[in-house]
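Residues per chain are reported as follows:
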Amino acid sequence: MTLDDVPAVTALEQRLFPVDAWPLQMFLDELSQPETRRYLVAQGSDGIVGYAGLMCIEPIADVQTIAVVPEYEGRGIGTTLLTALIDEARRRRAADVLLEVRADNPRAQQLYVRFGFEQIHVRPRYYRDGVDALIMRLQLAGEPGEGTAHGTTSEGPQ
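1. Quick notes on the side chain of E30
Reasoning step 1: Within the fold, E30 resides in helix α2 (residues 24-31).
Reasoning step 2: With a relative accessible area of 7%, E30 lands in the buried category.

2. Comments concerning the layout of surface pockets
Reasoning step 1: Estimated volume of the largest pocket: approximately 640 Å³.
Reasoning step 2: F17, D20, W22, Q64 and Y127 are, among the 25 residues lining the largest pocket, the residues nearest its centre.
Reasoning step 3: Only α1 (6-16), β3 (60-68) and β4 (96-102) provide two or more residues apiece to the lining of the largest pocket.
Reasoning step 4: Here the element with the most residues in the lining of the largest pocket is β3; it accounts for five residues.
Reasoning step 5: Here the residues of the lining of the largest pocket sort into 14 nonpolar, four polar and seven charged.

3. Things to note about unusual backbone geometry
Reasoning step 1: Following E58, the chain continues into P59 via a peptide bond in cis, with omega recorded as 15°.
Reasoning step 2: Checked against the element boundaries, P59 lands in the loop between β2 (47-57) and β3.
Reasoning step 3: Phi is positive for R125, which is not a glycine, with a value near 50°.
Reasoning step 4: Looking at the element boundaries, R125 is found in the loop between β5 (118-123) and β6 (133-139).
Reasoning step 5: The class for R125 is exposed, based on a relative accessible area of 62%.

Scoring rules and cut-offs
- Residues numbered from 1 in each chain as written.
- Predicted model: local features only at pLDDT ≥ 70, side-chain atom pairs only at ≥ 80, totals over all residues.
- Heavy atoms only, no water.
- Helix = DSSP H or I, 4+ residues; strand = E, 2+ residues; numbered from the N terminus.
- Buried < 20%, exposed > 50% of the residue type's maximum accessible area, 1.4 Å probe, protein only.
- 1 Å grid on protein atoms, 1.4 Å probe; cavity = no way out; pocket = protein on both sides within 12 Å on 5 of 7 lines; lining within 4 Å.
- Points joined across faces, edges and corners; volume = space filled by probe spheres on them.
- Nonpolar A, V, L, I, M, F, W, Y, C, P; charged D, E, K, R; others polar.

Functional significance is not addressed by these values, which are geometric in nature.
See the structure below:
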């Protein structure tokens with residue numbers, strides 16, 4: 001993700017997460033911290049169709065966001081983005097990757113479980129509309145490539 005991508009990503013964010021959307025400035029702030037952040041976009045024929053971000057402060061990496069527009073779900077975009085974030089966490093020597101996922105989003109939960117994430121906690125009423133957040137963790141193995149489900153073919157949003 002570059003600064004030029006932020007307006008399009010912000011528009012997608014508003015569309016996909018109308019209640020909890022990040023403001024434009026939040027994306028700008030995140031991109032201004034490359035020493036601890038990595039943000040990616042997925043391009044389709046219609047422009048940006050997905051995006052994802054990771055914060056890594058050793059030994060913990062945290063998936064800040066991951067989203068795919070509904071028209072592009074089921075094409076492996078979420079899987080590709082999540083794989084890239086996990087690979088980045090490994091490069092940054094993280095021991096664990098954490099994320100929050102909405103309790104009412106089973107498709108995303110299934111994606112994370114396929115990658116080896118386990119639910120470790122619940123944050124009640126975490127989202128503005130009162131939905132709980134499930135906290136999930138992936139413990140990274142010592143060798144690159146271990147502990148991830150590379151080669152999976154389906155994906156989920158957020």
